[in-house]
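# Notes for the structure review
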Amino acid sequence: MSVVLECRSLTKKFNTITALSDINLTLERGKIIGLLGPNGSGKTTLIKLINGLLKPTSGSIEIAGMAPGVESKKIVSYLPERTYLPDWMKVSQAIQFFSDFYGDFDTERAYDMLKRLNLDPNRRLKSLSKGTKEKVQLILVMSRRADLYCLDEPIGGVDPAARDYILNTIITNYNDNSTIIISTHLIADIEKILDEVIFIKEGNLNLHSSVDAIREKEGKSIDSLFREVFKC
Amino acid sequence: MKGAVNMQWELNTDKPVYLQLMEYIKADIITGVYKPGDKLPSVRELAAQATVNPNTMQRAFAELEREGLVYSNRTTGRFITSDEELINQLKKQYITGIIEDFLEKMEQLGLDLDEIISYVTKISQNNKK
Amino acid sequence: MLRKLIKHDLIATGRYLLPLYGIMLVLSLVNRILSAIDIYAGYFEIIKILMMFAYGISVVASIIVTFVFMILRFYKNLLTDEGYLMFTLPAKPSQLINSKLLVSLLWNIMSIIVVICSLLILFLTSKRIDLIHSTLDNIFTSLKSEFGTNRTTLIMIELILLVIISIIQQTLLIYVSIAIGHLVNGHKVLASFVAYFAINTILQTVMTAILLIGGYVTDVADININIIDLPQYAIAFSLIVSSIFSTLYYLITNYIFNKKLNLE
């Protein structure tokens, strides 16, 4: 099926706080999509819902027609904002881990990308700088042949050279059967690689449009439009 | 007029990117960086180089194909047209465009045609030294 | 999937626990060697005492550290940053719990076995082997004469089961306390402790109630129980109650991980 994500009236509440409200969203395959919004707008909540880390309060969410669960996790590759690999592991052990648990993991490609970084697979994650650790996690996530990639703030807090590397990795791993969702608040840096953007404002879906349509219609960059929409 | 192969791709984000990509590739064709019949790098390669979405680069290629500057062979990839006539026409279009812009600016500065030619000749001779 | 989870848990925990056990075994060997050397000098006596002391600590440490470490592993691997990795694996939360539980059980039992081995290394001589053999023989003979051969075997098996189920129950009690603590918004650790004590109290109350009611019922119904049968009834009863509570703790933990997970 060509639809890789479908949200219908998706709502998530935490006690009295509504993090996401009545989200209706359909995402097609083969796109790089920006999930944009300020901190606390509900982006991370949506990503957690996609990954089965949270359960909806009401409404539904389906990945390639499946509710979040064991089967959907096989086709979703997730890069969270934080370091989620155990510190004691060597890079090679982390690769082994992914290879063990994910049938779609391409070990050769992972080692290839590592080599281009000049990173010794025998090093322990503990000994790596924060930026390098993030690159390793990105490599692991992008080495999976998943249907949906969820990258949560992949370029936040990273130097410009690393940012280029990360964007380059995303572009070269693109294929027209998979969709990549990039959640970020650093829009100017990534807007050239996006097909579509989604604006989430205070838990609501504010906009879902192709990037070209915005540039042609509004004559602005996504970054400018974002600043308008989210003016404080 | 800047080609992209030897320089960075500088792209404006408030205009459609695919149009800008086309301009860069056309510039490379006109200046001879891509010769007639040359094989273009793959969509993904160029997209990575330019740090743009592969679909955007794809769209640029498709438009260039429509204009006849590029043709694709399904198995071997995309090639610059061997139609030198077409390329020369494009070159002429660019040259005309640049000169028209230049003339407009010179007129704004209040120069007439003779003065323009005299300035052009003098500066061109200086540059040769 | 479960096998892979277990393999990974073993690797992650073994790298700390195996050296610990190794040290304990080495210390027992060292002490064994030292006790065989005949040097009567003050400093040597001090070394011997220190080594024995170190060994003693390593024994206690092995058992306690194993238990505590496995609890911390459960918390760290599932409910801190690593939880983002574990809960997005294509595995059911029940499989995650099962893996942690089984590996915990394994190491807890292993720690006891290794301690026994180290004691054997320390003390075993051919004379003592005979002594242990004859003592065990005596115990079993007198048990068998009291309870009969079959029943004795049954009681032995039940006792081993009881030890295992008790370890499982204690572990699951802590797991469910951690899971309940996770539901609370701040002070999760405090909430876990509160949950632990609350559940324990409920458990004690229920047990006492059952015993009282049981006692009353057997009184009123004039049921006579043979003293001979008592150990079996007691053990069987403990097994059943432990199993019920263990299952309850498991189901609650599983429910929380399935429906109420909320990683920071």
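Fair warning: this is a prediction, and the values are worked out from it, not measured in the lab.

Each helix and strand counted, chain B has five helices and two strands in total. Each helix (α) and strand (β) of chain B, taken in turn from the N terminus, gives the series α-α-α-β-β-α-α. Taking 2.2 N^0.38 as the reference for a compact globule, 129 residues should give roughly 14 Å; the C-alpha atoms of chain B span a radius of gyration of 18 Å, well beyond that estimate. Projecting the C-alpha coordinates of chain B onto the three principal axes gives extents of approximately 55 × 35 × 30 Å. By residue count, 26% of the 129 residues in chain B fall in the buried class.

In this section: the overall build of chain A. For chain A, the count of helices and strands is nine helices and nine strands. A globule of 232 residues ought to have a C-alpha radius of gyration of about 17 Å, and chain A, at 18 Å, matches this closely. For the C-alpha atoms alone, the extent of chain A along its principal axes is close to 50 × 40 × 35 Å. Among the 232 residues that make up chain A, the fraction classed as buried is 46%. For chain A, the share of sequence-separated contacts (at least 6 apart) that also reach a separation of at least 24 residues comes to 71%.

Moving on, we come to the sheet that holds strand 4 (residues 58-63) of chain A. Residue and element names in this part refer to chain A. Within the open sheet, the three strands sit side by side as 2-1-4. Their pairing is antiparallel. Each edge of the open sheet is held by one strand with a lone partner, namely strand 2 (17-28) and strand 4. The mean angle between the axes of side-by-side strands here comes to 20°, regardless of whether they run parallel or antiparallel. As defined by bridge partners, strand 1 (residues 3-14) adjoins strand 2 across eight bridges and the pair is classed as antiparallel. Directly across from V3, in strand 2, lies its bridge partner E28. In the packing of helix 1 (residues 43-50) onto the sheet, the strands contacted are strand 1, strand 2 and strand 4, and the crossing angle to strand 1 comes to about 120°.

Let us now look at the interface of chain B and chain A. Each partner contributes to the interface: chain B provides 14 residues, whereas chain A provides 21 residues. Sorting the residues of the side of chain B that touches chain A by element identifies helix 2 (43-50) and helix 3 (54-66) of chain B as the ones contributing at least two each. No other element matches the three residues that helix 2 of chain B contributes to the side of chain B that touches chain A. Residue composition of the side of chain B that touches chain A, by class: seven nonpolar, four polar and three charged.

On to unusual backbone geometry. Here the phi dihedral of N15 of chain A falls at roughly 50°; this positive angle occurs in a residue that is not glycine. Secondary-structure assignment places N15 of chain A in the loop between strand 1 and strand 2. Backbone geometry places H187 of chain C, a non-glycine residue, at a positive phi of 50°. Among the residues examined, H187 of chain C registers 11 C-beta atoms within 10 Å and is labelled exposed.

Here we come to the arrangement of the chains. A comparison of contact numbers over the two pairs of chains in contact places chains A and B at the top. Regarding chain B and chain C, the two do not touch, and the least distance separating their C-alpha atoms is 28 Å.

Per the UniProt annotation, the sites labelled "domain: ABC transporter" (unreviewed entry) are residues 5-227 of chain A. Regarding residues 5-227 of chain A, the helix share stands at 35% and the strand share at 27%, and the terminal C-alpha atoms are separated by 27 Å.

Burial of strand 3 (residues 32-36) of chain A is extensive: five of the five residues sit out of reach of the surface. Neither face of strand 3 of chain A is open: one carries I32, G34 and L36 of chain A, the other I33 and L35 of chain A, and all of them are buried.

With that out of the way, let us pick up the packing of helix 1 (residues 2-36) of chain C against helix 4 (residues 93-123) of chain C. Residue and element names in this part refer to chain C. It is the contact of helix 1 with helix 4, at a shortest axis distance of 10 Å, that shows an interaxial angle of 15°. Put simply, helix 1 runs roughly parallel to helix 4. Crossing hand, helix 1 versus helix 4: right-handed. Within the contact of helix 1 with helix 4, the residues separate by chemical class into 17 nonpolar, seven polar and three charged.

Attention now moves to the nonpolar core. Counting residues in each nonpolar core, the largest one holds 123 residues, and the members touching the most others are I50, C150 and I180 of chain A together with L21 and M57 of chain B. Among the nonpolar cores identified, the runner-up in size contains six residues, and Y21, L27, V114 and V115 of chain C belong to it.

Reading the values: rules and limits
Residues numbered from 1 in each chain as written. Chains lettered and ligands numbered in written order. Predicted model: local features only at pLDDT ≥ 70, side-chain atom pairs only at ≥ 80, totals over all residues. Helix = DSSP H or I, 4+ residues; strand = E, 2+ residues; numbered from the N terminus. Rg over C-alpha atoms; globule rule 2.2 N^0.38 Å. Buried ≥ 20, exposed ≤ 12 C-beta atoms within 10 Å, placed from the backbone. Contact = placed C-beta atoms within 7 Å. Pairing = 2+ DSSP bridges. Axes fitted to C-alpha atoms, helices over the stretch in contact; angles between N-to-C directions. Nonpolar A, V, L, I, M, F, W, Y, C, P; charged D, E, K, R; others polar. UniProt positions renumbered as here; feature names shortened; annotations may be inferred. Parallel < 35°, antiparallel > 145°, perpendicular 65-115°, else oblique. Left-handed = near helix turned anticlockwise from the far one by under 90°. Core = buried A, V, L, I, M, F, W, Y, C linked by C-beta atoms within 7 Å.

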